[in-house]
Amino acid sequence: MPFCTRLLCCTGDTSDARTPNSKKSSSPTIPPSDYDDTLSPPVGNSINFMLLGTAGSGKSTIFKQFDKMFQTDLFTGGRSESVEAIKEFIRASFLRLTRLLRENYEYESEDLQLFVGDLQDSSKSVDIFDNLNDNALNNLVQIWNIIKSELGSQICQQESEFYFMEKLQDCLSPNFMPTDDDYLRCRVETQRSERRRYENVSFGKQNWVLTLTDVRGNKDDRRSWFSSFEDVDYFLYISSLADYNLCMEEDTSRNRLKDSLETFGEVLESLKTVSSFNKKSVIVLLNKEDSFKEKIRTDPLENHFTHFRPNKTNDVTEGKYFIKSQFVQIARKKGLDEKMDVKFTSAIDRKFGDKIIQSLLKNVISDILKN
């Protein structure tokens, strides 16, 4: 099968980010050679997938969706273990959002003013959340209502920040158990490359073995991607539509979507140097369509991509197809644009497995059997 016989541009997901976070990740760079390679070689029909994409594109959510569909015990276990991650997400959100309130904002009481001061102190805020009582929880609810009134929901920066802040009483209760939606929306940065093997995946009249590898997407980690390309059959390149108005965490002078486009070109160029180049395919997932629909209503795409000239300002369809065209142009310049198949979806969609993963496997296995 010629490379890029199927270059799928699939669109979707949800992110409410607005302003850049200049904090750099302190996580170590872990090259693909450091995967846990205790997996034995697959037996029978096998397909190797690799998730590629810049930080915050939604790779980890898609990884969870594969678990949910093919290995439910791992998904259920991860969901149960996400309680602390969700609590920490809410704590960090309060730390950030209270600092965005106008200087010298006058709270209703001196006690509340002092409580906000403790929230803005990293060590004290940890203590508040570790020893949460009813009074502290009521203060948090009151402060969140002030933040919404003063700043509006659009100041929410990271994925699902507004979602979790709206249900903070449930999330911070002693008996909280995350739902599937909670777990899918809870973003935990990929700390090291992960590889998963799904055995006996029945499709058509045959069983298949799927191997899925997720790699870190921070800028400093990307150079290590290319050393593992040889063993991969299909590359899933994920990019977020909602990143059109965001800056990179590592470099606040760079637009995240433009960085993703540039990285996509580098991936295609690197794949051309692989000896088994003609047997590989790339699938591009343009993620977070739900958030894109919300954001473009108030922040036009042309404010960030000045060469975009829509017939109608704030038009979702024109905007997402323009972004898709940018990826198509990159592939065309490298001679890899034939047979483009475009789908729009959301990685946090409960039906993601049925809508996207099943469709993906159908196309991939059909191509394999043809060739």
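On a predicted model such as this, the values are computed, not experimentally measured, just so you know. (Residues numbered from 1 in each chain as written. Predicted model: local features only at pLDDT ≥ 70, side-chain atom pairs only at ≥ 80, totals over all residues. Heavy atoms only, no water.)

A. Main features of the pairing of strand 6 (residues 281–288). Across the 8 residues of strand 6, 8 count as buried, placing the element largely inside the fold. Examined bridge by bridge, strand 5 (residues 234–240) and strand 6 share 7 bridges and lie parallel to one another. Bridged to phenylalanine 235 within strand 6 is valine 282. For the crossover from strand 5 across helix 10 (residues 256–271) to strand 6, the handedness is right-handed. (Buried < 20%, exposed > 50% of the residue type's maximum accessible area, 1.4 Å probe, protein only. Helix = DSSP H or I, 4+ residues; strand = E, 2+ residues; numbered from the N terminus. Pairing = 2+ DSSP bridges. Right-handed = clockwise from strand over helix to strand, strands pointing away.)

B. Fine view of the packing of helix 3 (residues 83–100) against helix 5 (residues 122–130). Packing of helix 3 against helix 5 leaves a shortest axis separation of 10 Å and a crossing angle of 135°. When the interaxial angle is binned, helix 3 and helix 5 end up oblique. Judged by the sense of rotation from one axis to the other, the crossing of helix 3 with helix 5 is right-handed. For the pair formed by helix 3 and helix 5, the contact residues are Lys87, Ile90, Arg91, Phe94 and Leu95 on the first element and Ser122, Ser125, Val126, Phe129 and Asp130 on the second. (Axes fitted to C-alpha atoms, helices over the stretch in contact; angles between N-to-C directions. Parallel < 35°, antiparallel > 145°, perpendicular 65-115°, else oblique. Left-handed = near helix turned anticlockwise from the far one by under 90°. Contact = heavy atoms within 4.5 Å.)

C. Highlighting the pattern of salt bridges. Across all of its chains, the model carries 20 salt bridges by this definition. Residue aspartate 67 pairs with arginine 196 through a salt bridge whose shortest N-O separation is 2.8 Å. With a gap of 129 residues between them, aspartate 67 in helix 1 (residues 59–70) and arginine 196 in strand 3 (residues 194–203) connect regions that are remote in the sequence. Note on aspartate 67: relative accessible area 3%, which makes it buried. (Salt bridge = Lys/Arg side-chain N within 4 Å of Asp/Glu carboxyl O.)

D. Expanded view of the state of the cysteines. Taken as a whole and assessed by the stated rule, the structure comprises 0 disulfides. Considering cysteine sulfurs only, cysteine 186 is the nearest to cysteine 171, which forms no disulfide, with 9.3 Å between them. Assessed through its relative accessible area of 3%, cysteine 171 is described here as buried. (Disulfide = S-S within 2.5 Å.)

E. Local environment of unusual backbone geometry. Positive phi outside glycine occurs at asparagine 200, with the angle close to 55°. Structurally, asparagine 200 can be placed in strand 3.

F. View of the environment of leucine 271. Position of leucine 271 relative to the elements: it lies in helix 10. Taking the relative accessible area as the measure of exposure, leucine 271 reaches 0% and is therefore buried. The sequence separation of leucine 271 and phenylalanine 229 amounts to 42 residues, and the corresponding C-alpha distance is 7.2 Å.

G. Quick look at helix 12 (residues 316–333). Taking 1.5 Å of rise per residue, the 18 residues of helix 12 would be expected to cover 26 Å, and the 26 Å separating its terminal C-alpha atoms lies within 8% of that figure. Where helix 12 is concerned, the buried positions are Val316, Gly319, Lys320, Phe322, Ile323, Lys324, Gln326, Phe327, Val328, Ile330 and Ala331. One side-chain oxygen of the residue at the start of helix 12 lies 3.3 Å from the amide nitrogen of threonine 317, identifying that residue as aspartate 315. Looking at the residues trailing helix 12, positive phi occurs at glycine 335, about 70°. (Expected span 1.5 Å × (residues − 1). Polar contact = N/O pair within 3.5 Å; in protein donor to acceptor, adjacent residues only side chain to side chain.)

H. Inspection of the pairing of strand 2 (residues 45–53) at higher detail. Where strand 2 lies against strand 4 (residues 206–214), 7 bridges are found, and the strand directions are parallel. The residue of strand 4 that forms the bridge with asparagine 48 is threonine 211.

I. Quick look at helix 5. For helix 5, the set of buried residues is Ser125, Ile128 and Phe129. For helix 5, the buried positions fall inside an angular range of 90° around the axis, keeping them on one side. What points out from helix 5, more than 90 degrees from its buried face, is the exposed set Ser123 and Asp130. Considering only its buried residues, helix 5 is in contact with helix 3, helix 4 (110–119) and helix 6 (134–151). (Arc of directions from axis to C-beta.)

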